[in-house]
Amino acid sequence: MLGRVNHLAIAVPDLAAATAVYRDTLGAAVSQPLALPEHGVTVVFVELPNTKIELMEPLGETSAISAFLEKNPSGGMHHVCYEVEDIVAARDRLVGSGARVLGAGEAKIGAHGKPVLFLHPKDFFGTLIELEQI
Ligand code: CO
């Protein structure tokens, strides 16, 4: 069911500062910021030869990553995104095996304009998993 790693996401307290570190200190290509109000984050993508790193900063009062940053004030690994071919089939299989899909259980359009779902970290060894339909 799982395909490639699409991206790794890192929550950061200050997106401009994190962009500067990735661009200037680490020498990576970093995209312009993209606000995603539906997901409560502003993101940039660090483009690497084999995958992307998504740097995320909270957007709005009720951002889903605010609690994470309270526990990890300097930032931290937030989720891993795997590609799937059919997100509805993937969800049905996961729910059928007892895994929990976050939110209403329906795919939302993610940062790349493709449908995404998030899976409960307690069902996957403490790691938040995003699935993206490619
Ligand atoms: Co993501």
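Residues numbered from 1 in each chain as written. Predicted model: local features only at pLDDT ≥ 70, side-chain atom pairs only at ≥ 80, totals over all residues. Heavy atoms only, no water.

Chemist: How should I be thinking about the coordination of the cobalt ion in this particular structure?
Modeler: In ideal tetrahedral geometry, four donors around a metal make angles of 109.5 degrees, whereas ideal octahedral geometry with six donors gives angles of 90 or 180 degrees. Note on the cobalt ion: its protein donors are His7 (NE2), Glu54 (OE), His79 (NE2) and Glu130 (OE). The metal-donor distances range over 2.0 to 2.7 Å. Note that the cobalt ion binds four donor atoms; their angles at the metal cover 87 to 169°, and the shape is irregular. (Donors = N, O, S within 2.8 Å, 3.2 Å for Na, K, Ca; no water. Tetrahedral: all angles 85-135°; square planar, octahedral: opposite > 155°, others 65-115°.)

Chemist: What is the right way to look at the nonpolar core in this model?
Modeler: Across soluble globular proteins, nonpolar side chains have a tendency to be buried as a group. Residues Val84, Ile87, Ala90, Leu94, Ala99, Val101, Leu117, Leu119, Phe124, Ile129 and Leu131 constitute the largest nonpolar core, which totals 11 residues. Secondary-structure elements contributing two or more residues to this core are helix H3 (87-96), strand E8 (115-119) and strand E9 (128-133). Examining the composition of this core, we find that three residues originate from one element, H3, more than from any other. Leave out the neighbours within four places in its chain, and Leu131 touches Leu2, Tyr82, Val84, Ile87, Ala90, Leu94, Pro115, Val116, Leu117 and Leu119. (Core = buried A, V, L, I, M, F, W, Y, C linked by side-chain atoms within 4.5 Å. Buried < 20%, exposed > 50% of the residue type's maximum accessible area, 1.4 Å probe, protein only. Helix = DSSP H or I, 4+ residues; strand = E, 2+ residues; numbered from the N terminus. Contact = heavy atoms within 4.5 Å.)

Chemist: Teacher, can you tell me more about helix H1 (residues 15-25) here?
Modeler: The α-helix winds at 3.6 residues per turn, so residues separated by three or four positions along the chain end up facing the same way. Listed as buried for H1 are Leu15, Ala18 and Thr19. The buried residues of H1 all sit within an arc of 105° when viewed along its axis, so they share a single face. Among the exposed residues of H1, those pointing more than 90 degrees away from its buried face are Ala16, Asp24 and Thr25. On its buried face, H1 is in contact with strand E2 (29-30), strand E4 (41-47) and strand E5 (52-58). For H1, the side-chain oxygen to backbone nitrogen distance between the N-cap and Ala16 is 3.1 Å, and the N-cap itself is Asp14. Just past H1, the residue Gly27 takes up positive phi, approximately 70°. (Arc of directions from axis to C-beta. Polar contact = N/O pair within 3.5 Å; in protein donor to acceptor, adjacent residues only side chain to side chain.)

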